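# Notes for the structure review
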Amino acid sequence: MRYQPLSAATYREHRARFRQAMEKGGLAIFHSNDIMPTSADGSMPFKQASDIFYLSGIDQEETVLLLFPDAVDAKDREILFVRETSELLAIWEGAKFSQKEATELSGIATVLWTTSYEATIKRLVPQCEHLYLNSNEHLRQGNEVETREARKNKETCAQFPLHSVKRSAPIMHRIRSRKTKEEVEQIQRAIAITGKAFERICGFVKPGVKEYEIEAEISHEFIRNGSRGHAYTPIIASGYNACVLHYITNDQVCNDGDVILMDFGCEYGGYASDLTRCVPVNGRFTKRQRDVYNAVLRVKNEATQLLRPGTLLADYHKQVGKIMEGELIGLGLIDKNDVAKQDPEKPLYKKYFMHGTSHFLGLDVHDVGLWNEMIHPDMVFTVEPGIYIREEKLGIRLENNILTTRDNPIDLFADIPVEADAVEEMMNRVGKKVMA
Ligand code: GLY
Ligand code: MN
Ligand code: MN
């Protein structure tokens with residue numbers, strides 16, 4: 001394995017959290033993702049479904065997990081199915097989990113081959129009252145491709161049409177949003193690698209480099225540190241491109257006098273980090289660039305302090321909007337008299353700051369969580385305000401990852417330079433080292 005997995009004790013704790021939320025007589029089923037095809041005999045690299053990974057640590061296709069706390073036979077209370085390994089498979093694809101290895105990693109005593117899943121379901125479902133089935137209830141999910149889980153859910157419902165069906169997703173959203181200690185440590189490992197990559201590119205950026213050359217430097221630093229790569233498609237956007245919020249072509253030249261917005265983060269052991277930094281291509285911000293940069297920085301810092309237990313995320317976003325409004329008036333981008341008359345449903349600040357300030361972070365970069373509930377301790381959020389001025393070909397966003405506690409929020413990117421002076425200093429220092 002190229003990463004240190006979480007301990008079996010942590011996976012046990014994750015499953016205990018799920019069980020506590022189940023009703024009596026419930027049987028929960030979680031499936032892994034498919035290996036997605038491309039063309040001809042090609043396939044995408046396998047990406048495990050986050051929920052089964054969270055509950056078992058098994059990063060392998062054709063895995064299934066059953067949680068049935070009230071099963072008559074204790075051996076049936078937790079069952080993990082893994083793809084049957086063989087000599088042939090070992091030669092062509094490499095070793096798969098043995099049953100013993102799967103037990104050691106997940107802490108699940110009963111591990112069977114996936115080929116016995118159908119027979120096991122036939123035996124156990126008649127014993128249960130409720131089937132807990134999982135689905136993608138992420139607020140922004142919108143994929144037309146049917147997942148393995150959705151396909152299997154249909155089969156299960158067709159086979160057992162009279163069982164009551166309950167949704168696992170709201171439970172998963174709740175438990176995954178409160179990070180366990182080892183999860184935070186894993187996110188911190190991802191963050192440390194992302195920080196190294198930022199340092200590396202500070203020494204690399206200069207007028208004339210292509211955006212994709214910067215991307216390549218980042219990928220290099222990620223992979224040499226045990227990451228599988230980017231947690232999401234990176235945005236390396238110089239000049240005007242920074243105003244295109246989902247710019248991912250990364251194919252333009254970085255010009256003297258422009259600022260580059262870089263939104264990137266590595267995954268480590270399945271966990272994401274999510275950083276945005278903006279640097280001047282020539283190593284020095286102009287006065288205007290610095291003014292906009294500092295305005296975004298102040299919003300980021302104030303927003304971070306608002307991430308405290310008891311706050312509703314909707315209220316938090318409104319408060320950050322107010323702070324941004326003040327900064328945009330200060331920069332002369334919106335007028336305070338116009339703001340006084342604005343439609344509260346369409347605040348003027350949205351012309352320059354059109355996205356949300358924060359999202360949950362974890363196994364998924366836009367992680368699951370309960371958006372309509374209060375912030376709790378042990379949640380990890382991004383804070384990522386931005387100002388995008390198309391007419392000035394300038395876009396600034398600054399993004400750090402924050403752990404909530406009972407008290408002060410902890411900035412997990414606190415060691416990565418963010419003040420304009422510190423960024424310039426780092427470009428200068430690391431750049432000289434690279435040239436020496
Ligand atoms: N990189 C995606 C985001 O910042 O939300
Ligand atoms: Mn980001
Ligand atoms: Mn983000």
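Scroll up for the structure.
The structure contained in this document is the topic of the report that follows.

Quick notes on the rules
Residues numbered from 1 in each chain as written. Chains lettered and ligands numbered in written order. Predicted model: local features only at pLDDT ≥ 70, side-chain atom pairs only at ≥ 80, totals over all residues. Heavy atoms only, no water. Near = heavy atom within 4 Å. Polar contact = N/O pair within 3.5 Å; in protein donor to acceptor, adjacent residues only side chain to side chain. Areas by Shrake-Rupley, 256 points an atom, 1.4 Å probe, with all protein chains shown as cover. Nonpolar A, V, L, I, M, F, W, Y, C, P; charged D, E, K, R; others polar. Pairing = 2+ DSSP bridges. Helix = DSSP H or I, 4+ residues; strand = E, 2+ residues; numbered from the N terminus. Donors = N, O, S within 2.8 Å, 3.2 Å for Na, K, Ca; no water. Tetrahedral: all angles 85-135°; square planar, octahedral: opposite > 155°, others 65-115°. Phe/Tyr/Trp six-rings, centres within 6.5 Å; stacked < 30°, edge-to-face > 60°. Buried < 20%, exposed > 50% of the residue type's maximum accessible area, 1.4 Å probe, protein only. Contact = heavy atoms within 4.5 Å.

### Re the site of ligand 1
Every residue near ligand 1 is listed here: Tyr232, Asp263, Asp274, His359, His366, Glu384 and Glu399. Within the contact set of ligand 1, an oxygen atom lies 3.0 Å away from a side-chain nitrogen or oxygen of His359. His366 places a polar side-chain atom, nitrogen or oxygen, 2.7 Å from an oxygen atom of ligand 1. Relative to its unbound accessible surface of 200 Å², ligand 1 loses 85% to contact with the protein. Grouping the amino acids of the shell around ligand 1 by side-chain chemistry returns one nonpolar, two polar and four charged.

### A word on the sheet that holds strand β7 (residues 229-230)
Hydrogen bonding along the main chain pairs the strands of a sheet, whether they run parallel or antiparallel. What the three strands build is an open sheet, ordered β7-β10-β11; its pairing is antiparallel. What marks the edges here is a single partner per strand, and that holds for β7 and β11 (271-272). Pairing of β7 with strand β10 (residues 266-268), which is carried by two bridges, proceeds in the antiparallel orientation. Pairing of Gly229 across the sheet is with Glu267, part of β10.

### Side note on the coordination of the manganese ion (ligand 3)
At the metal site, the manganese ion (ligand 3) is ligated by Asp274 (OD), His359 (NE2), Glu384 (OE) and Glu399 (OE), and these contacts range over 2.1 to 2.2 Å. One can describe the donor arrangement at the manganese ion (ligand 3) as irregular, given that its six donor atoms subtend angles of 52 to 153° at the metal. Expressed as a motif, the donor residue spacing for the manganese ion (ligand 3) is D-x84-H-x24-E-x14-E. The distance between the manganese ion (ligand 3) and the manganese ion (ligand 2) comes to 3.3 Å, with Asp274 serving as a donor to both metals. Taken as a pair, Asp274 in the loop between β11 and β12 (275-280) and Glu399 in the loop between β15 (394-397) and β16 (400-403) lie far apart in primary sequence, 125 residues in all.

### A few points about the coordination of the manganese ion (ligand 2)
Protein-derived coordination of the manganese ion (ligand 2) comes from Asp263 (OD), Asp263 (OD), Asp274 (OD) and Glu399 (OE), at a distance range of 2.0 to 2.5 Å. Every donor residue of the manganese ion (ligand 2) comes from the same chain, spaced as D-x10-D-x124-E.

### Some remarks on the packing of aromatic side chains
Applying the stated criterion across every chain, the model contains nine aromatic pairs. Centroid distance Phe18 to Tyr132: 6.2 Å. Interplanar angle 80°. Geometry classified as edge-to-face. With Phe18 in helix α1 (residues 8-20) and Tyr132 in strand β5 (residues 130-133), this pair connects stretches of sequence that are 114 residues apart. Across the pair, Tyr132 and Phe18 agree in class, each one buried. Between Tyr349 and Phe353 the ring centres are 6.1 Å apart and the planes differ by 35°, which places this aromatic pair in the tilted class. Judged on exposure class, the residue Tyr349 and its partner Phe353 are both buried. An aromatic cluster is built from Phe18, Phe30 and Tyr132, whose rings are joined through pairwise contacts.

### Points about the environment of Gly356
Of note, Gly356 is situated in the loop between α12 (336-340) and β13 (380-383). Since its relative accessible area comes to 40%, Gly356 is described here as partly exposed. Gly356 sits 45 residues away from Thr311 along the chain, and the two C-alpha atoms are 16 Å apart. In this structure Gly356 touches His317 and Glu384, once residues within four positions along its chain are discounted.

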